[in-house]
Structures are given as structure tokens and as C-alpha cells.
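Secondary and tertiary structure notes
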Amino acid sequence: MENAVKKIGVLTSGGDAPGMNAAIRAVVRTALQRGIEVVGINRGYAGLLEEDMREMDGHSVSDIISKGGTLLYTSRCPEFTTPAGRIKGVESCKKHGIEGLVVIGGDGSFIGARELANRGINSVGVPGTIDLDIACTDYTIGFDTAVNTAMDAIDKVRDTSTSHERCSIIEVMGRRAGYIALWCGISNGAEEILTVETYDHDESGIINRILEKKKAGKKHYIIINAEGVGDSANMAKRIEEATGIETRATIIGHIQRGGSPTARDRVMASLMGAKAVDLLAEGKSKRVVGFRDGKLVDYEVNEALAMKKTLDPYMWDVSQRLSRL
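Residues numbered from 1 in each chain as written. Predicted model: local features only at pLDDT ≥ 70, side-chain atom pairs only at ≥ 80, totals over all residues. Heavy atoms only, no water.

1. Describing the packing of aromatic side chains
Per the stated rule, a full pass over the model turns up two aromatic pairs. Both rings, one in tyrosine 45 and one in phenylalanine 80, keep their centres 4.1 Å apart while their planes meet at 5°; by these two values the pair is stacked. Residue tyrosine 45 is located in helix 2 (residues 44–50), and its partner phenylalanine 80 is located in the loop between strand 3 (53–56) and helix 3 (83–95); the two are separated by 35 residues in the primary sequence. Residue classification places tyrosine 45 among the buried residues on the basis of a relative accessible area of 5%. (Phe/Tyr/Trp six-rings, centres within 6.5 Å; stacked < 30°, edge-to-face > 60°. Helix = DSSP H or I, 4+ residues; strand = E, 2+ residues; numbered from the N terminus. Buried < 20%, exposed > 50% of the residue type's maximum accessible area, 1.4 Å probe, protein only.)

Here it is, written out as C-alpha cells:
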């Protein structure tokens, strides 16, 4: 069957995530195998507006599957959120013969892809974000690597926290979503997990539980705090003053975005990238690739953006039961 598009572009937008390179590689090689030309667009939508592009071939994506970050770089582009900016993006695509676009990023990136599709450029979104906060999919590229990076760092902090009989507040990424905090809380055996979805700001309750466990003979205390809750340094001061226990705050920060992606991120990114190209080749547009119930799926972009995601209530319940003893 003849491909519906002859030339496509691929870009990464928003925050970088481990596995984006694997997705780019899959897009390029799947397209080439189908006889579709591929253009790599540097720096996301900003590069599209500035016509900062490069032709991609099989060699251009060699040896990138194991690398973190994104070969195509990324940025946020306020200009592209305006009608004039979107028209300029369409004109850039048409000038370079780009008939379809694969956008690797989060919800904000998908809105941009939708606006291009509304103006005639077939677009498919691939979920790339460490936060696992895209509602239409059970999995987002980069989450597994980010959680494993954070878990390893928290294990190391626990070692020194135990040695000094401290309370440690460890802040992980997650400005609007608590998935990294929840997964790390369970996998690291934390005593407290604070997420934007669940934290009730009852600091006195935390302090009372610390004191109760101190009386029971516990020598250290780990609190996982999501970025969206924040205030870790000041919280540490207040807890130390109230309990008499030395309390330190550690912000893991952007180390969670980097590093060689895990096998899961490499495989999922490869499957999702290939699926995006297959959809464009079939003439599909305004779709978002997802992974639900163990299978690759795709959704109409407006349907995907309208979905809401919450923390798994059973997972949260288990985390609380396991941390309270």
C-alpha cells in the first residue's frame, strides 16, 4: 500500500526524558524502511519556526539508543502558542515538504501538534515525559529511568541518614503529579510520601509519627517529597525544631532527567516511535500513541487531552499501609 505521506518531520518538545533518542531512532528507521523521507527538527517548535532542520538517515541515529537526553535538543516556545506562530509553523512545514509530524513530548506538545493538524499537517504525538502524567497512557517514555535514578539516590541518602540517625526529606521531581514520589516511596520503603494529589499539609501529623517511631526505637526516618509540594528545606528546619532530630533536605533535581535509559524505556520508546510512523503512513492525523492494558493503542488528540489521571487509589493505600509500621 502506498504511504499517505512522503516526507515527515520529528521533534522533541518540553522537558527531556531518557528514551527520547530511542523514539527518534525508531521514527527515522521505520520511516526509511517504508520509503518515507525524514527531517529532524532541532529544539522543538522553536526549531520549526526558525527552520532549524536536518535530513535524517539510518546512520544519523546510529548508537543513540543508549544515550539520555535528545539528539534533536528541546525547548519551550511561547511564540508557537500564538495563532501567528502556528501559521508560521505550517508555512515552515510546507516550505520543506513536510506532510506529517511526529511530536515526542507531553500534553502541551500535543496541543501544538493538534493545531498543526488543524491547519493541514498530519501529526501524531508520542508520550515522552518522566512524570507519567499523560492520562491516555499507562506508560510514558522516561518514567522508568527517572524512578530508578531517584530510587538509587534515595538508597544512598538512606545509608548516611541511618548512620547519623537523621530524618531525611528527599525531594523528587513531579511539579503537578506524584507518580515518581509514590513509586519511590514504595520502592525505597519511605516512612512518608508527600504528593500534590494527596498531601493535606498536616505537618503536625508527620511530626507526631516521627516522635512515636523514635520512642519505639527507630533510628532514621525517610520522607519522599514531590516537587509540587516543595518547601523541603524549610520543612526540614521545622521538623528538626519540633523533634530534636537532625533533619536534612536533599533535592535530587535534574539528575532524574538524565542517564542511559533502562531496557523498558528503550523498548517502549522504540515501539511508540514506530507506531507513530505507521499511523502517519496510513494517513492518520491528530492521534496520540499510548500503552493501555499491555497493548499499544492510539487516541484522537482531543479525546486524549480531555482525559484526567489520578494516582492509583489501591497503590496509594498499599503505600500507606506499608509505611505506617
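2. A look at the side chain of aspartate 144
The residue aspartate 144 is located in helix 5 (residues 143–163) in this model. Aspartate 144 has contacts with Tyr139, Thr262, Arg264 and Asp265, leaving out every residue within four places of it along the chain. (Contact = heavy atoms within 4.5 Å.)

3. With respect to the sheet that holds strand 4 (residues 100–105)
Through backbone hydrogen bonds, the strands of a sheet pair up, either in parallel or in antiparallel fashion. With mixed pairing, seven strands are arranged side by side in an open sheet as 3-2-1-4-5-10-11. A strand with exactly one partner marks an edge of an open sheet, and here the two such strands are strand 3 and strand 11 (295–300). Within this sheet the neighbouring strands show an average axis-to-axis angle of 25°, counted without direction. The pairing of strand 1 (residues 7–12) with strand 4 spans five bridges and is classified as parallel. Across the sheet, valine 10 pairs through a bridge with valine 102, a residue of strand 4. Here helix 1 (residues 20–33) sits on the sheet in contact with strand 1, strand 2 (37–41), strand 3 and strand 4, set at roughly 180° to strand 1. (Pairing = 2+ DSSP bridges. Axes fitted to C-alpha atoms, helices over the stretch in contact; angles between N-to-C directions.)

4. Things to note about the packing of helix 3 against helix 4 (residues 107–118)
As a packed pair, helix 3 and helix 4 sit with axes 10 Å apart at the nearest point and diverge in direction by 65°. As judged from the angle between their axes, helix 3 and helix 4 are roughly perpendicular. When the axes of helix 3 and helix 4 are compared, the crossing they make is right-handed. Contacts between helix 3 and helix 4 involve Arg86, Gly89 and Val90 on the former and, on the latter, Ile111, Glu115 and Leu116. Residues that form the contact of helix 3 with helix 4 fall into these classes: three nonpolar, one polar and two charged. (Parallel < 35°, antiparallel > 145°, perpendicular 65-115°, else oblique. Left-handed = near helix turned anticlockwise from the far one by under 90°. Nonpolar A, V, L, I, M, F, W, Y, C, P; charged D, E, K, R; others polar.)

5. Brief notes about the nonpolar core
A general tendency of soluble globular proteins is for nonpolar side chains to be buried together. In terms of nonpolar packing, the biggest core is built from 58 residues, with Ile8, Val102, Ile104, Ile154, Val172, Ile180 and Ile224 touching the most fellow members. Ranked by residue count, the leading element in this core is helix 9 (residues 263–281), at eight residues. Sequence-distant contacts of isoleucine 154, that is, excluding residues within four places in its chain, are made with Ile170, Val172, Cys184, Asn188, Ile222, Ile224 and Ile252. (Core = buried A, V, L, I, M, F, W, Y, C linked by side-chain atoms within 4.5 Å.)

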